[in-house]
Amino acid sequence: MRKRVVSMWFPNLPSDRVLRAGALNGDDTRPFVVTHHAKNTDRIYCLNNAAAAQGLHRDMGFSDARAYCPDLQSCPADPIADARFLQMLARWGKRYCPWVGIDGVDGLLLNIAGSAHLFGGEDAMLDDMRGRLSRAGLQGRVAVADTRGAAWALTHFGQRAQGADIAHLPVAALRLDAKTDATLQRLGLRKIADLTALPRATIARRFGPDVVLRLDQATGARDEDISPLKDAPNYGVRMTLPDPIGLSGDVMAGAERLLERLCAKLKDQDMGARKLQLHLRRVDQAAQVVELRLAAPMRDAARILPLFERGVGEVDAGYGIDQIRLTAIQVESLPKAQITHGVATRTQGIDDLITRIGNRIGLDNIHRFLPADSHIPERSFQIAAAAYSRAEGAWAALRPRPLQLFAPEPIAGAGARPPQHFRWRRMALTVGHATGPERIAPEWWLTDDNWRSGLRDYWKVDTVQGRRLWLYYTPQNPGWFVQGEFA
Amino acid sequence: MPIVKRFTVMTDFWSHFPPKNTRTHEACGPSAPAFAAALAGHLCGANGKTVFWLRESWQGAQLNPVGFASYLDPKQLLIAQTARQIDALAAAEEALRSGHIALVVIELSQRIGLSEGRRLQLAAQEGDAMGLCLLPEDMGSNAAQTRWRCTPVFDVSGAAADSTLQNWKIIKNKSGTLTSWNVKWHAQTRRINVVSKPAQR
């Protein structure tokens, strides 16, 4: 089939991307530039039409530009975000045809052969593209031709009034490098037609094979590929059964086969599953879903399978299940790791345990403590979900700290020394020894409602009755509180 | 004098502590968390195994890892919070059975029946682990192997500011006598010191 290639070129992609996000509050009559740092100075990387109308141009020094145009708005360039934006545009391009590739840093290529009639012909399709781009606030030039080279030439150098013939376009439209272009210009070969008039052998000898190659690619004498974007990997497998099944052992056997296929897929991509969904379709079209959240990214079928047992046991098979689908909803990168002796199996066993318990009580309800750098007792540790953290860090306590902490409970007392007798939780307690005070100041850079009362003087109090409590006194708002209990 | 000799053997602390592995035990009293922490430190301090601590999420007092660090490195501690006690028991059974956990501590707030207690025993036996239920006073289950009442004791000598003197008393024992000891936790060496009782005056 004959190729029909659409080339899209976004000459102002970086500035359009920033302006779409509302940098000028939609007022595009004001000059705007995107700057980058090159050759030891800030230069203009991309600019909008209003800035170009003021006489600014690309690669101009930014300070010069500001001198010309004092109310110039600017923003630093972000090529990575631009590339991501172009990927998004390529995904949008799939509405026209499945064959969409990226051309350089600011263009798209679409092979629309066979899909143009769906939009009412090529002209209607191109008009639709232009309309949608301008509505999205993007300046885009769109042209269609038989070859990639010709389409590129038309978008970058063509005028719509002059039609689809590339012969009258300048030689630079052949995607030549600047040096060859200058050489050709100097010899008076200004247009592509001038070049095609020459014998091929002469061109190849004088200007190298590159010019002939580009010329052939533009005329279609030599084929050129468009490499389409890869589809995102799909981590789903399914199995349709000739006869419905109902025993949980059968479902597990099916899940085992699917898991092996899924894990092979995950292994190819160096990924591990975090959340799996086993979708069981019943004969009566109802579906039962078993979800499994894993405590660590995994792709070991033999380890994942037993974790499904509990969920599969609860499934109501009804009249039978005739399709099983297994999807990894959430995946994480899991690079190949060195197999070590001993340590790995222990943490794996604990990960599996966290998964099993987490599927009953919620994976976020299993915690581990991580040390934090703070003198405030409540903030001297962090509580992290065990599935998403690693046990690390060193614990250091300069002074004895209670084994249990609770919300401060007020007690009656006056003065800066602990009261000799006090009541706490309906117990009358008498102080035997008191150790302190240890003054802890609130962290002024964080607002914490519990520390509104200001400084705290902590005392460890051993009562004659036995209980060892952690009391504090707030000198700025006099009052006594119990906050913890020692062993 | 065979009776006296037998008496001295039975009151030996180290023949009762740590309590029997592959069983579930109970601890009550104000120092029960300290008992659990000391048991965790004793069982897992050297071998690096993991302790699983289950509690209901509504409970106000929480374990302070900075204080716990003098018993056991908090790296070896996993905490689970459950909405209901039944979930805590189910998770405890799972953890005991897994074989990767040395000690499972369950903070209970309601009385558990004989069947729940028995299930915990079986799970502990299967996974070669030890379970410890922390209970309010007088809520023990008959299925427990031993029950310890732990109360802090005021250190009259007052020498050490960080004294952890407490009284551990066995109040139920399926295979042995009921005795009590005064013990201290020595934070530097991470071990339990048995303190001789002061002479009666």
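These numbers come from a predicted model, not from an experiment.

Engineer: Where do I start with the overall build of chain B in this structure?
Structural biologist: A count of helical and extended segments in chain B gives five helices and ten strands. Pairs at least 24 residues apart make up 74% of the contacts formed inside chain B by residues separated by at least 6 positions.

Engineer: Whenever I open this one, the overall build of chain A confuses me. Can you help?
Structural biologist: Summing up its helical and strand segments, chain A has 13 helices and 19 strands in all. Looking at chain A residue by residue over its 487 residues, the buried ones come to 32%. For chain A, contacts bridging at least 24 residues in sequence account for 56% of all contacts bridging at least 6.

Engineer: Where do I start with the environment of B:A37 in this structure?
Structural biologist: Mapped onto the elements of the fold, B:A37 is located in helix α2 (residues 32–44). Sequence-wise, B:A37 and B:S70 are 33 residues apart; in three dimensions their C-alpha atoms are separated by 9.2 Å. The contacts of B:A37, once residues within four sequence positions are left out, are A:L403, A:A487, B:F68, B:Y71 and B:L72.

Engineer: It is not clear to me how the interface of chain B and chain A should be interpreted in this structure. Could you clarify?
Structural biologist: By a widespread convention, an interface's size corresponds to the accessible area lost as its parts come together. Tallying the contact residues gives 43 residues for chain B and 39 residues for chain A. Among the secondary structure elements, those contributing two or more residues to the side of chain B that touches chain A are α2, β3 (62–63), α3 (65–68), β4 (77–82), α4 (85–98) and β7 (146–152) of chain B. Per-class residue counts for the side of chain B that touches chain A are 23 nonpolar, 14 polar and six charged. Direction of pairing for strand β14 (residues 404–411) of chain A relative to β3(B): antiparallel, over a ladder of two bridges. Note on β3(B): the bridge partner recorded for A:Q404 is B:L63.

Engineer: Just checking my understanding: could you explain the packing of helix α9 (residues 200–207) of chain A against helix α10 (residues 209–219) of chain A for this structure?
Structural biologist: Helix packing geometry: the angle between the two helix axes and the distance between the axes. Residue and element names in this part refer to chain A. Put simply, α9 and α10 touch, their axes get as near as 6 Å, and they point 135° apart. Judged by the angle between their axes, α9 and α10 are oblique. Mapping the contact onto sequence places R200, I203, A204 and F207 in α9 and P209, V211 and V212 in α10.

Engineer: Quick question: what am I supposed to make of the sheet that holds strand β2 (residues 50–56) of chain B here?
Structural biologist: Two orientations exist for strands paired in a sheet by backbone hydrogen bonds: parallel and antiparallel. As summarised here, the arrangement of the eleven strands in space is β13(A)-β12(A)-β4(B)-β2(B)-β5(B)-β6(B)-β1(B)-β7(B)-β8(B)-β9(B)-β10(B), forming an open sheet in which the pairing is mixed. Because the sheet does not close on itself, it has two edges, and the strands there are β13 (381–385) of chain A together with β10 (191–195) of chain B. Strand-to-strand twist of the sheet, defined as the mean angle between neighbouring strand axes without regard to direction, takes the value 30°. Pairing of β2(B) with β4(B), which is carried by six bridges, proceeds in the parallel orientation.

Engineer: For this particular structure, what's the right way to read the confidence of the model for chain B?
Structural biologist: Any region with low pLDDT has predicted coordinates that should not be read closely. Averaged over all residues, the pLDDT of chain B is 86; the fraction at 70 or higher stands at 90%. In the predicted complex, the global pTM is 0.67; the interface-specific ipTM is 0.88.

Engineer: Whenever I open this one, the environment of B:A80 confuses me. Can you help?
Structural biologist: Position of B:A80 relative to the elements: it lies in strand β4. Between the C-alpha atoms of B:A80 and B:A92, which are twelve residues apart in sequence, the distance is 9.6 Å. Non-local contacts of B:A80, meaning those with residues more than four positions away in its chain, are made with A:I357, A:I361, A:N365, A:I366, B:F52, B:L54 and B:A91.

Engineer: I tried to follow helix α1 (residues 13–20) of chain A on my own but got confused; where do I start?
Structural biologist: Note on helix geometry: an α-helix contains 3.6 residues per turn, so any two residues three or four positions apart are oriented the same way. Residue and element names in this part refer to chain A. Along α1, seven of the eight residues are buried, which leaves the element largely enclosed by surrounding structure. Buried residues of α1: L13, P14, S15, D16, R17, V18 and L19, and no others. Immediately beyond the C-terminal end of α1, within one or two residues, lies G22, with a positive phi of roughly 95°.

Engineer: Would you mind showing me how to read the sheet that holds strand β7 (residues 141–145) of chain A here?
Structural biologist: All names here are of chain A. In space, the four strands of this open sheet follow the order β5-β6-β1-β7, with antiparallel pairing throughout. Of all strands in the sheet, those with a lone pairing partner are β5 (100–103) and β7, marking the two edges. Strand-to-strand, the axes of this sheet are offset by a mean angle of 20°, without reference to chain direction. As paired elements, strand β1 (residues 5–9) and β7 share five bridges and run antiparallel to each other. Looking at β7, one finds that V6 is bridged to V144.

Engineer: Whenever I open this one, the pairing of strand β18 (residues 468–473) of chain A confuses me. Can you help?
Structural biologist: In regular strands, side chains alternate between the two faces of the sheet. Residue and element names in this part refer to chain A. The buried count for β18 comes to six of six residues, which makes it a mostly enclosed element. Burial along β18 is two-sided: R468, W470 and Y472 and L469, L471 and Y473, pointing in opposite directions, are all buried. Where strand β17 (residues 456–463) meets β18, six bridges bridge the pair, whose relative direction is antiparallel. The partner of K460 across the bridge, within β18, is W470. Between β17 and β18, which follow one another and run antiparallel, lie four residues, and G466 among them has a positive phi close to 120°. In this sheet, strand β19 (residues 480–485) lies alongside β18 in antiparallel orientation, the contact comprising five bridges. The residue of β19 that forms the bridge with Y472 is F481.

Engineer: For this particular structure, what's the right way to read helix α6 (residues 148–157) of chain A?
Structural biologist: Residue and element names in this part refer to chain A. The buried fraction of α6 amounts to eight of the ten residues, a majority that puts the element mostly inside the structure. Within α6 the residues assigned to the buried category are R148, G149, A150, A151, W152, A153, L154 and T155. Contact partners of the buried residues in α6: β1, β6 (107–111), β7 and α10.

Engineer: How do you make sense of the packing of α1(A) against helix α4 (residues 79–93) of chain A when you look at a structure like this?
Structural biologist: Residue and element names in this part refer to chain A. Close contact between α1 and α4 brings their axes to 10 Å; oriented N to C, the two are set at 85°. Here α4 runs roughly perpendicular to α1, going by the angle between their axes. Across the interface between the two elements, L13, P14 and R17 from α1 touch A81, D82, F85 and L86 from α4. Across the contact of α1 with α4, the residue classes tally to five nonpolar, no polar and two charged.

Engineer: How do you make sense of unusual backbone geometry when you look at a structure like this?
Structural biologist: Comment: phi is negative for the bulk of residues other than glycine, and the bulk of peptide bonds are trans. Residue and element names in this part refer to chain A. A cis amide bond, omega -10°, links G436 with the succeeding residue P437. Following the sequence through the fold, P437 ends up in strand β16 (residues 427–440). If you check the backbone angles, K39 has positive phi at about 50° while not being a glycine. Residue position: K39 is located in the loop between β2 (32–38) and β3 (41–47). Phi at D270 takes a positive value of approximately 60°, unusual for a residue other than glycine. Residue D270 is classed as exposed on the basis of its 11 C-beta neighbours within 10 Å.

Engineer: What exactly am I supposed to notice about the nonpolar core here?
Structural biologist: It is characteristic of soluble globular proteins that their nonpolar side chains tend to be buried jointly. By size, the foremost hydrophobic cluster in this structure holds 104 residues, and its most contacted members are B:L103 and B:V104. Take this core: its biggest share by element is nine residues, from α2(B). When residues of this core are assigned to domains, at least three map to each of domain 3 (236–333) and domain 4 (404–485) of chain A. The next biggest cluster of nonpolar side chains, apart from the first, holds 41 residues, and it includes A:V6, A:M125, A:L215 and A:A218.

The rules behind these values
- Residues numbered from 1 in each chain as written.
- Chains lettered and ligands numbered in written order.
- Predicted model: local features only at pLDDT ≥ 70, side-chain atom pairs only at ≥ 80, totals over all residues.
- Helix = DSSP H or I, 4+ residues; strand = E, 2+ residues; numbered from the N terminus.
- Contact = placed C-beta atoms within 7 Å.
- Buried ≥ 20, exposed ≤ 12 C-beta atoms within 10 Å, placed from the backbone.
- Nonpolar A, V, L, I, M, F, W, Y, C, P; charged D, E, K, R; others polar.
- Pairing = 2+ DSSP bridges.
- Axes fitted to C-alpha atoms, helices over the stretch in contact; angles between N-to-C directions.
- Parallel < 35°, antiparallel > 145°, perpendicular 65-115°, else oblique.
- pLDDT = per-residue confidence, 0-100.
- Core = buried A, V, L, I, M, F, W, Y, C linked by C-beta atoms within 7 Å.
- Domains from an automatic or database assignment.

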